[in-house]
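# Notes for the structure review
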Amino acid sequence: MENEEVIVNRLINKDKRAFELVFNQYYGIMVLYASRFMDTKEEAEEITQDVFVKFWEKCDSLSEDSSIKSYLYRSIHNSCLNTLKHEKVKDGYRQHVIHVMESSYQNEFDERDPDELRNRINEEIDKLPPRCAEIFRLSRYEGLKYQEIADHLDISVKTVEVQMGKALKVLREALRDLKNLRDAS
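Quick summary incoming for the structure in this document.

The rules behind each value
Residues numbered from 1 in each chain as written. Predicted model: local features only at pLDDT ≥ 70, side-chain atom pairs only at ≥ 80, totals over all residues. Heavy atoms only, no water. Helix = DSSP H or I, 4+ residues; strand = E, 2+ residues; numbered from the N terminus. Expected span 1.5 Å × (residues − 1). Buried < 20%, exposed > 50% of the residue type's maximum accessible area, 1.4 Å probe, protein only. Arc of directions from axis to C-beta. Salt bridge = Lys/Arg side-chain N within 4 Å of Asp/Glu carboxyl O. Core = buried A, V, L, I, M, F, W, Y, C linked by side-chain atoms within 4.5 Å. Contact = heavy atoms within 4.5 Å. Axes fitted to C-alpha atoms, helices over the stretch in contact; angles between N-to-C directions. Parallel < 35°, antiparallel > 145°, perpendicular 65-115°, else oblique. Left-handed = near helix turned anticlockwise from the far one by under 90°. Nonpolar A, V, L, I, M, F, W, Y, C, P; charged D, E, K, R; others polar.

## Side note on helix α3 (residues 41–58)
- Between its first and last C-alpha, α3 extends 25 Å over 18 residues, near the 26 Å set by a 1.5 Å rise per residue.
- Those residues of α3 that sit buried are Ala 44, Ile 47, Thr 48, Val 51, Phe 52 and Phe 55. When α3 is viewed along its axis, its buried side chains cluster within an angular range of 135° and face the same direction. In α3, the exposed positions angled more than 90 degrees off the buried face are occupied by Glu 42, Glu 46 and Glu 57.

Here is the structure:
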């Protein structure tokens, strides 16, 4: 690759060939670097692609003494951290929603005849998609934690969370009439 200062000047002037040179030289290295932070290669590639798009959009504002390599490493690092922070917030929200759904589900049926409830719930669980029903049963009947279910079924914890949320939503809707009967009495 040419002298970095020459490449930076070409980038400042929005030279597409200079960008191609930078992309070809650093893309693979940046994906590997992003992979150190992210769970999947796809996530690392997506972040790297986003960083290169932003790099192209902002390259005309580079200073002539900029280090392309340092700029890209710093951008990848920051983008990975921002993505991880965002995922942590989303996971916290998911956990909150699941907790609220589970709590309201339990409260709705506390005062019903246990045998009637058990039979009706089992009927509705049997109507769930097989994997969803299996996850629900492992959680509710066998008392497994989400991580244990994920390990047992060789799936991600997020998949368990999503399937549990789906099961609870479907069951709440399907069993709504039981709540209405209780409210009417």
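Now that the structure is up, let's keep going.
## What about the pattern of salt bridges?
- Applying the stated rule across the entire model yields five salt bridges.
- Lys 127 is the salt-bridge partner of Glu 124, the closest N and O atoms lying 3.4 Å from each other. With Glu 124 and Lys 127 both in helix α5 (residues 114–127) and three residues apart, the pair spans about one turn of that helix.
- You can call Lys 127 exposed: its relative accessible area is 61%.

## A closer look at unusual backbone geometry
- The phi dihedral of Lys 14 falls on the positive side, at around 60°, and the residue is not glycine.
- The topology assignment puts Lys 14 in the loop between α1 (4–12) and α2 (16–35).
- A relative accessible area of 29% means that Lys 14 is categorised as partly exposed.
- Despite not being glycine, Asp 154 has its phi angle at roughly 55°, a positive value.
- Here Asp 154 shows up in the loop between α7 (146–153) and α8 (157–174).
- Overall, the relative accessible area of 71% leaves Asp 154 in the exposed class.

## Regarding the nonpolar core
- By size, the foremost hydrophobic cluster in this structure holds 25 residues, and its most contacted members are Leu 11, Val 22, Phe 52, Phe 55, Ile 68, Leu 72 and Ile 76.
- Only α1, α2, α3 and α4 (68–108) provide two or more residues apiece to this core.
- At nine residues, α2 tops the list of elements feeding residues into this core.
- Other than its neighbours up to four places away in sequence, Leu 72 contacts Val 22, Tyr 26, Met 30, Val 51, Phe 52 and Phe 55.
- Counting residues in hydrophobic clusters, the runner-up holds 20 residues, among them Cys 132, Ala 133, Tyr 146 and Ile 149.

## Considerations on the packing of α2 against α3
- Remark: α2 packs on α3, axes separated minimally by 9 Å, with the N-to-C direction vectors making an angle of 150°. Regarding the angle of α2 to α3, the classification is roughly antiparallel. The handedness of the crossing between α2 and α3 is right-handed. Judged by residue contacts, Lys 16, Phe 19, Val 22, Phe 23, Tyr 26, Tyr 27, Met 30, Val 31, Ala 34 and Ser 35 of α2 engage Ala 44, Glu 45, Thr 48, Gln 49, Phe 52, Phe 55 and Trp 56 from α3.
- Tallied by class, the residues present in the contact of α2 with α3 amount to twelve nonpolar, three polar and two charged.

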